[in-house]
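# Commentary on secondary and tertiary structure
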Amino acid sequence: MNCGQLEKYLSEAIGVTLLIGGQMSERNECTFMNWNSRVVFLFSTFVFSTNAVINFVDSQHNVILILTDDQDIELGSMNFMPKTTQIMKERGTEFTSGYVTTPICCPSRSTILTGLYVHNHHVHTNNGNCTGVEWRKVHEKKSIGVYLQNAGYRTAYLGKYLNEYDGSYIPPGWDEWHAIVKNSKFYNYSMNSNGEREKFGFEYEKDYFTDLVTNRSLRFIEKHIKTRAWQPFALIISYPAPHGPEDPAPQFAHMFENEFSHRTGSWNFAPNPDKQWLLQRTGKMNEVHISFTDLLHRRRLQTLQSVDEGIERLFNLLRELNQLWNTYAIYTSDHGYHLGQFGLLKGKNMPYEFDIRVPFFMRGPGIPRNVSLHEMVTNVDIAPTMLAIAGVSKPARMNGRSLLELVALKKKKKKHAEALKPWRDTVLIERGKMPKLKKIRDRYIKQKKKFNKENRLSKECKRRKWQRDCVEGQLWKCYYTVEDRWRIYKCRDNWVDQCPCRKKRDVDDDENDNVDEFLDHVDQENFSLENEWYQGEIGDHDDVDEWSHEVSSRQKRGILSKCSCSRNMSHPIKLLERKLSKKHYLKYKKKLQTGSLKPKDCSLPQMNCFTHTASHWKTPPLWPEELGEFCFCQNCNNNTYWCLRTKNETHNFLYCEFVTEFISFYDFNTDPDQLINAVYSLEIGVLEQLSEQLRMLRKCKNRQCEIWSASQKLRSPKLVDLRVNEKSFLNYNLDKT
C-alpha cells in the first residue's frame, strides 16, 4: 500500500469519526509531509475522534428499537396509548419534530436499517426492489444488525421485516430471527423463525401476531440475561399495528366508538386546485367514505392497545431483570398516515405532515426525562444512534447523525458540545427516482399562468353560458366590474336548500368563497365533459354545512356541521340505526356513487386503487353489508416529489417539487394544516436558492447530506415572512410578479 492509498484509507475512517465529533482536521498538502509524519498525524487524529464517539456512552449498553407500522402522530394515536406515553415520554425524551424521509413502508424501513436516504439505497417502492438484488447483495450486508453483531452484540429481529421478504433466508447480522413473510397481518400468516417455516391460524390466544411478537421478544430478553448477562443485546421489535387489515384483539374491539381525533383541520378539505394532480381531482368524501374513515380510525386505535400492553410488559421485565439502567430504547413508526385529509380516504405516500411526521421517543442512561426536543430528527438517524450507543464509529456511507449528539448539544456539556456541529434545520423528503427538470424559473412561470385563480376565472367567465341572466337551471353568473375584473354572482333562486338551520347568505357573502365554489363546479363539469378521471364530490358545496363557530372561508369548505339537519344526520350508520326502508336507502346510496369508479372497474393505469367490501375485515367491528362496496384511488405514479422540510427559529415550511414540474410551498407559521399553497409568496431569488439546496440534497452522499441539511445562509432577497402575507398564490395578481 503506497502513501496515497494509506492516506485515503485512514482519511475515510477519520471522516466518519470527525463527523460524529463535529470537528475537521486541517491537513497540509502531501508535499509538505513525509510518510511517517502523515501516518502519525492521521492515526492520532483517528484515536482522538474515536474516543469522542465512545465517550458518549461509558460502556456498551443494551439497545431496543420499537417500530410500529403506519402509525400517525398528527391524527392523535399517541393520545390513546397511555402506558407507552408514560414509559417513553414521561421517562424519556420526545422528539416533537420526528420525520421519515420517505413515507412508504419498505423504503422507510430500508432507511432505518442502513442509515441511508432512499436515493442512496435505491429501494423506492414496496414492490420489486424491496428485498431486490441490490438490497441483498449490497445494503443488507451493511445493516445495523451486521455492525452491532461485529461489535460483540447478540442481535434479534422480531416482527415485520420488509414488504417483499419471502421468508427463504435469514438476513446477515441477526442471531435471533422471527420475521413474518411478506406484509403485516394479524392472523393466517407465515414466519421464518430461526430458519424454520411456521404457519399460524385464526386463534387469538395462539396466533395473534402483535402478542406473539411481544411474547417472543420477552423470551429472548429473559433467556439472554440468564445465560449471557455479560454480553449486550440489540433487539428490534417490529409490530404490525396499526397497519391493515387492522384486526384488533377481541378484548379491545368495543373501544373508541365515538372517537374522531382523525378529523383534523385538513380532513375532507377538498377539492384542492392549488395542489398536485391527484388532489386537484379528489373531491370531498361522500357519507359512505366518511363512515369508512371513522371506522378505520377506530380499528387502528384498537390494534394499538395490544402494542401499548406489550410495551408495558417489556419494561416490567427489564425492571425485574434489573436492566432498565443499562438499556436504551427508541420508539417510532415507519411513517405516518392519513384518514380523510384532503379528501383522501386512507394511506400514506403524501409529502404532508400527517404522512411524514411520526411518533419519536427515546429513553436510557443520560437521556433527559419528560423533556421535549424540537430539533428535526429522522429515520436516517436511527442507525447512527444505535451504533453510537454500542460505541461504534458511524460508517462513512451513512447519512444521518446520532441522537446522542443532539442530547449532548442540548445539555451544553463542554466535554462534547464544543466539538459538535450545530444540529440541522432541514431534512429531505423524497419519493421516486430523480429526473432532470427544467429550470425552476421556467416551471414557476408556467405554473403561475396555469393555476392562478384570476386566470382561471377569466377563462371560464368568457364563456357565454356564464354571462346570461339567471335563467332557470343556471347556478352561476359572471359579470365584469368597473375595476376590469370578473366577479361571480350566485343564482340563489335556482339553488334548493331545505335545511332550516343553515344560515341564508346574502349577495354580499364572502366573494372568494363564491369563486372557489364556482371554479370547483366548473372543474367537475369539465372533467365530465372531457371524460377525465376524478373522484369524490367536486363542486357540490351547498350540501355541506359550515361549523357553527367562525372559521376562514377556505376552512369552511369540506368541514361537516354540527347543525341538527346537516349531513351528520344522514350518516350511513345513522341511516341504518333509523332503519330506513330498503327502497329509500338504495336511492340514497345510488346518489353517493355519482362521480366514482364502480368497484368492479376499480383499476386505472399508473394509479393505486382499492375496493373495499364487507369481506375485507374478518374481526369486529365489521363493515355493515348494507353500506355496500366502493372503489377509491389513493395514489398515482405522478405523485413523485422531492421536498425540503425546514424548521428553525424564524421559518417553518415545506417546499416541494413534483415530477410533473408542479411546485408547492406551505408556511406552517400561518397555515399549520397546509391548506394553502403559498409558492407565489416567495421572491424568485429565494425560490431558486431553495431549488438549488433541494437539488444538492437529492444527490447527496455520505456526510454531504448533513452539510446540505444545515441552515443555509439566504442570499438576497430574503425569504418573505408569510406571517404577514396570508395570500394564496391562487389569489395573487399576476401583474405584481
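This section reports on the structure supplied with the text. (Residues numbered from 1 in each chain as written. Predicted model: local features only at pLDDT ≥ 70, side-chain atom pairs only at ≥ 80, totals over all residues. Heavy atoms only, no water.)

### A look at the sheet that holds strand E17 (residues 652–658)
Spatial ordering of the open sheet is given by E11-E16-E17-E18, a layout of 4 strands whose pairing is antiparallel. Both edges of this open sheet fall to strand E11 (426–431) and strand E18 (663–667), since each of them pairs with a single strand only. For this sheet, the mean angle separating the axes of adjacent strands, direction not counted, is 15 degrees. Across 7 bridges, strand E16 (residues 641–647) lies against E17 in antiparallel orientation. If you follow Thr-646 over to E17, its bridge partner there is Phe-653. Each of E11, E16, E17 and E18 is contacted by helix H22 (residues 684–698), which is oriented at about 70 degrees to E17, the strand it contacts most. (Pairing = 2+ DSSP bridges. Helix = DSSP H or I, 4+ residues; strand = E, 2+ residues; numbered from the N terminus. Axes fitted to C-alpha atoms, helices over the stretch in contact; angles between N-to-C directions. Contact = heavy atoms within 4.5 Å.)

### With respect to the pattern of salt bridges
Counted according to the given criterion, the structure contains 33 salt bridges. We note a salt bridge from Glu-312 to Lys-83, for which the minimum N-O separation is 3.5 Å. Of this pair, Glu-312 sits in helix H11 (residues 287–320) while Lys-83 sits in helix H3 (residues 82–90), placing them 229 residues apart in sequence. Given a relative accessible area of 29%, Glu-312 falls into the partly exposed group. Note that Asp-274 and Lys-275 form a salt bridge whose closest N and O atoms lie 3.7 Å from each other. (Salt bridge = Lys/Arg side-chain N within 4 Å of Asp/Glu carboxyl O. Buried < 20%, exposed > 50% of the residue type's maximum accessible area, 1.4 Å probe, protein only.)

### Looking at the packing of aromatic side chains
In the structure shown here, the tally under the stated rule is 38 aromatic pairs. A centroid spacing of 6.2 Å and a plane angle of 55 degrees characterise the contact between Tyr-331 and Phe-361, whose relative ring orientation is tilted. Here Phe-361 lies in strand E9 (residues 360–363) and Tyr-331 lies in strand E8 (residues 327–333), a separation of 30 residues in the sequence. In this pair, the class of Tyr-331 matches that of Phe-361, namely buried. Between the aromatic rings of Tyr-352 and Phe-354, the centroid separation amounts to 5.8 Å while the plane-to-plane angle is 40 degrees, which identifies the pairing as tilted. Comparing Tyr-352 with Phe-354 shows no difference in burial state: the two are buried. These aromatic residues form a ring-pair network of at least three members: Tyr-157, Tyr-161, Tyr-165, Tyr-169, Trp-174 and Trp-177. The ring of Tyr-169 is capped by Arg-136, whose NZ or CZ atom sits 3.5 Å from the centre of that ring. Stacked on the ring of Phe-668, the Lys or Arg Arg-645 has its end atom at 4.0 Å from the ring centre. (Phe/Tyr/Trp six-rings, centres within 6.5 Å; stacked < 30°, edge-to-face > 60°. Lys NZ or Arg CZ within 6 Å of the ring centre and 35° of its normal.)

### Some words on the environment of Glu-532
Position of Glu-532 relative to the elements: it lies in the loop between helix H18 (511–529) and helix H19 (553–556). Here Glu-532 falls in the partly exposed class, since its relative accessible area comes to 30%. Sequence separation between Glu-532 and Arg-281 is 251 residues, and the spatial gap between their C-alpha atoms is 9.1 Å. What Glu-532 contacts, discounting residues up to four positions off in sequence, is Arg-281 and Phe-527.

### Focus: the state of the cysteines
Applying the stated criterion across every chain yields a total of 7 disulfides. The disulfide partner of Cys-609 is Cys-633, and the gap between their sulfur atoms is 2.1 Å. Taking the torsion about the sulfur-sulfur bond, which here is approximately 90 degrees, the covalent link between Cys-609 and Cys-633 counts as right-handed. Here Cys-633 lies in strand E15 (residues 630–636) and Cys-609 lies in strand E14 (residues 607–612), a separation of 24 residues in the sequence. (Disulfide = S-S within 2.5 Å.)

### Topic: the sheet that holds strand E6 (residues 196–199)
Read across the sheet, 10 strands follow the order E6-E5-E4-E3-E7-E1-E8-E9-E2-E10 without closing on themselves; strand pairing throughout is mixed. The sheet is open, and its two edges are formed by E6 and strand E10 (371–378), each paired on a single side. Neighbour to neighbour, the strand axes of the sheet diverge by 15 degrees on average, direction disregarded. Sheet topology places strand E1 (residues 62–68) next to strand E7 (residues 233–238); 5 bridges connect them, and they run parallel. Paired with Ile-66 across the strands is Ile-237, a residue of E7. Helix H14 (residues 403–411) rests against strand E2 (93–99), E8, E9 and E10 of the sheet, and its axis sits at about 135 degrees to E10.

### Quick word on the nonpolar core
With 70 residues, the main nonpolar core has Phe-292, Trp-623, Phe-630, Tyr-655, Phe-665, Leu-687 and Leu-690 as its most contacted residues. Discounting residues that sit within four places of it in the chain, Tyr-655 has contacts with Ile-440, Trp-642, Cys-643, Leu-644, Ile-663, Ser-664, Phe-665, Leu-687, Leu-690, Ser-691 and Leu-694. Leu-113, Tyr-161, Val-358 and Leu-406 belong to the second-largest nonpolar core, a separate cluster that totals 50 residues. (Core = buried A, V, L, I, M, F, W, Y, C linked by side-chain atoms within 4.5 Å.)

### Overview of the pairing of E7
Counting buried positions along E7 gives 6 out of 6 residues, so the element sits mostly inside the fold. The side-chain alternation of E7 yields two buried faces, one formed by Phe-233, Leu-235 and Ile-237 and the other by Ala-234, Ile-236 and Ser-238.

### Digging into the environment of Gln-674
By the secondary structure assignment, Gln-674 is in the loop between E18 and H22. Spatially, the C-alpha atom of Gln-674 lies 7.5 Å from that of Ser-266, the residues being 408 residues apart in sequence. Leaving out residues up to four positions away in the same chain, Gln-674 has contacts with Lys-275, Phe-342, Pro-351, Tyr-352, Glu-353, Leu-654, Tyr-666 and Phe-668. At 2.9 Å, the side chain of Gln-674 and the backbone nitrogen of Glu-353 are in polar contact. (Polar contact = N/O pair within 3.5 Å; in protein donor to acceptor, adjacent residues only side chain to side chain.)

### Some points on H14
Burial of H14 is extensive: 7 of the 9 residues sit out of reach of the surface. Those residues of H14 lying buried are Leu-403, Leu-404, Glu-405, Leu-406, Val-407, Ala-408 and Leu-409. Capping the start of H14, Ser-402 holds a side-chain oxygen 3.0 Å from the backbone nitrogen of Leu-404, two or three residues further along. Downstream of H14 by one or two residues, Lys-412 has phi in the positive range, about 60 degrees.

### Topic: the packing of helix H16 (residues 440–451) against H22
Running from amino to carboxyl end, H16 crosses H22 at an angle of 125 degrees, the nearest separation of the two axes being 10 Å. Taken as axis vectors, H16 and H22 run oblique relative to one another. In terms of crossing hand, the pair formed by H16 and H22 is right-handed. Residues Ile-440, Arg-441, Arg-443 and Tyr-444 of H16 touch H22, and the partners they reach there are Ile-684, Leu-687, Glu-688 and Ser-691. (Parallel < 35°, antiparallel > 145°, perpendicular 65-115°, else oblique. Left-handed = near helix turned anticlockwise from the far one by under 90°.)

### Structural notes on the side chain of Asp-667
Relative to the helices and strands, Asp-667 resides in strand E18. A residue is classified by how much of its surface remains accessible, and Asp-667, at 6% relative accessible area, is buried.

### Focus: unusual backbone geometry
Most peptide bonds take the trans configuration, and most residues that are not glycine carry a negative phi. Along the chain, Gly-244 connects to Pro-245 via a cis peptide bond; the corresponding omega equals 10 degrees. Here Pro-245 lies in the loop between E7 and helix H10 (277–280). Cis geometry is adopted by the peptide bond preceding Pro-621, which originates at Pro-620 and carries an omega value of -5 degrees. Its place among the elements puts Pro-621 in the loop between E14 and E15. In this model, Asp-484 sits at a positive phi of 60 degrees, which is unusual for a non-glycine residue. Relative to the elements of secondary structure, Asp-484 occurs in the loop between strand E12 (476–480) and strand E13 (486–490). For Asp-484, a relative accessible area of 55% puts it in the exposed group. In the Ramachandran plot, Gln-606 falls in the positive-phi region, its phi being about 65 degrees despite a non-glycine side chain. Take Gln-606: it is sitting in the loop between helix H21 (582–592) and E14. The exposed category is assigned to Gln-606, whose relative accessible area is 54%.

This is a description of form; function is not addressed.
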